[in-house]
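# Observations on the three-dimensional arrangement
One letter stands for each residue in the lines below.
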Amino acid sequence: MRANPLVYGISHKSYQMDPTLEKHREQLVIEVGRKLDKARMIRFEERTGFFSSTDLGRIASHYYIKYNTIETFNELFDAHKTEGDILAIVSKAEEFEQIKVREEEIEELEALLCDFCELPTPGGVENSYGKINILLQTYVSRGEMDSFSLISDSAYVAQNAARIVRALFEIALRKRWPAMTYRLLNLSKVIDKRLWGWVSPLRQFSVLPPPVLTKLEQKNLTIDKLKDMRKDEIGHMLHHVNIGLKVKQCVHQIPSITMEATVQPITRTVLRVRLNITSDFKWNDQVHGTGGEPWWIWVEDPTNDHIYHSEYFIIQKKQVIEKEAQLLVFTIPIFEPLPSQYYIRAVSDRWLGAEAVCIINFQHLILPERHPPHTDHIFYVVLHPEFEEDNLWMDFGRALVIGKALVG
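### What to know about helix α5 (residues 83-91)
Counting buried residues along α5, seven of its nine residues qualify, which places the element largely inside the surrounding structure. Buried residues of α5: G84, I86, L87, A88, I89, V90 and S91, and no others. Each element contacted by the buried residues of α5 is listed here: α4 (67-76), α7 (128-140), α8 (148-175) and α9 (178-193).

What follows is the structure, encoded as structure tokens:
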């Protein structure tokens, strides 16, 4: 900057008045601080020059989200958006500013819109954010494109959209929006797996042929139903006797956990929760790897639509094989009048259709007394120095008895 100030828009006169450019750099920092403070990415006290980070700023930094994108989120993102609304918001991110609509792509984009887009696409094929939305939905639907420019743009959109949706998930989690947090976590897995959330979770297994998966969806055979069926029953339902065993094995390899919660009131407003988590699936290194299965867990109040506690935990391979329980202990607030119940929701970080819910019921919860009674008065006598002699201990005992009698 000092070597060539004209490149940075600094006039020769300004450079002469401020040879070290200290004032200019200070002004740059102040302007940036104001903008970031307005976007709620930092807190900037201009009078003292003090900066402090915020959750939103840390998330943006972690996921490399641009400042203008965060401003878009602040303007458009709230707790009641649908999946279609979320994709529309993501499509307007600053990360996609270089993607333009080309005249020769419009016809193919219209075909992709009709064939592969399952959710609304505001903007259509004429606008860049509409094109981004179409490419993203086509990517999830595993649609094929002919144009090389569309194939290149689709790869770029998919790579960045997955990161942006993950950032939105953490923003919703920090804002303590349970429904939106759940929706965004599933949407991020939809993009990663290239599978819509309403298809069978068994599509995550490449060993099952597509005709078998289509029959499972047509017959509405959910994972819970398949767990209760025998392998020969599954084979007969699918008109493919030999495939029953393979389907049954895949069903039991989808990560599943059971949760049991016990609660203990610490005060009238704080509750300690002890949550025992036990895995309920079969580990396969080819499917699950050799590390662990990550999960997100949060406690939500369905009445107030609020998350009171959230946590990230990993179930290790050893714990799955040995059926070893994992204990989580945390505290949550409670309010009077007591709500009917809280939900503890656990959702897999990687697998679609892998989730569990545990209900905390407050019907028979007994809280501590509002004003606990005082303890009984204890008579206390200060020992005078003259009682330190051994031969006076008996007289001290008699004086203590008489003192208690007088107080009583």
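Continuing now.
### Looking at the sheet that holds strand β5 (residues 292-301)
Reading across the sheet, the four strands line up as β6-β5-β8-β9 and stay open at both edges, with antiparallel pairing between neighbours. Looking at which strands have only one partner, the edges of the open sheet turn out to be β6 (306-316) and β9 (355-361). Between one strand axis and the next, the sheet turns through 20 degrees on average, direction left out of account. The pairing of strand β8 (residues 341-348) with β9 spans seven bridges and is classified as antiparallel. Along β9, the bridge assignment pairs R345 with V357.

### Considering the pattern of salt bridges
Tallied over the entire structure, the rule returns 19 salt bridges. Note that E97 is salt-bridged to K66, the shortest N-O span being 3.8 Å. Residue E97 is located in the loop between α5 and α6 (106-116), and its partner K66 is located in the loop between α3 (55-62) and α4; the two are separated by 31 residues in the primary sequence. Judged by relative accessible area, E97 falls into the partly exposed class, the value being 43%. Classification of K66 as partly exposed rests on a relative accessible area of 38%.

### Brief notes about the pairing of β5
Of all ten residues making up β5, ten are buried, and the element is well covered by its neighbours. Neither face of β5 is left uncovered, since the one carrying G292, P294, W296, W298 and E300 and the one carrying E293, W295, I297, V299 and D301 both have all their residues buried. Judged from the ten bridges that link them, β5 and β6 form a sheet pairing that is antiparallel. When the bridges of β6 are listed, E293 appears paired with I315. Remark: four residues form the turn of the hairpin made by β5 and β6, two consecutive strands paired antiparallel; D305 in that turn has positive phi of roughly 55 degrees. As paired strands, β5 and β8 are joined by six bridges and run antiparallel to one another. Bridge pairing in β8 places W295 opposite S348.

Rules used throughout
- Residues numbered from 1 in each chain as written.
- Predicted model: local features only at pLDDT ≥ 70, side-chain atom pairs only at ≥ 80, totals over all residues.
- Heavy atoms only, no water.
- Buried < 20%, exposed > 50% of the residue type's maximum accessible area, 1.4 Å probe, protein only.
- Helix = DSSP H or I, 4+ residues; strand = E, 2+ residues; numbered from the N terminus.
- Contact = heavy atoms within 4.5 Å.
- Pairing = 2+ DSSP bridges.
- Axes fitted to C-alpha atoms, helices over the stretch in contact; angles between N-to-C directions.
- Salt bridge = Lys/Arg side-chain N within 4 Å of Asp/Glu carboxyl O.

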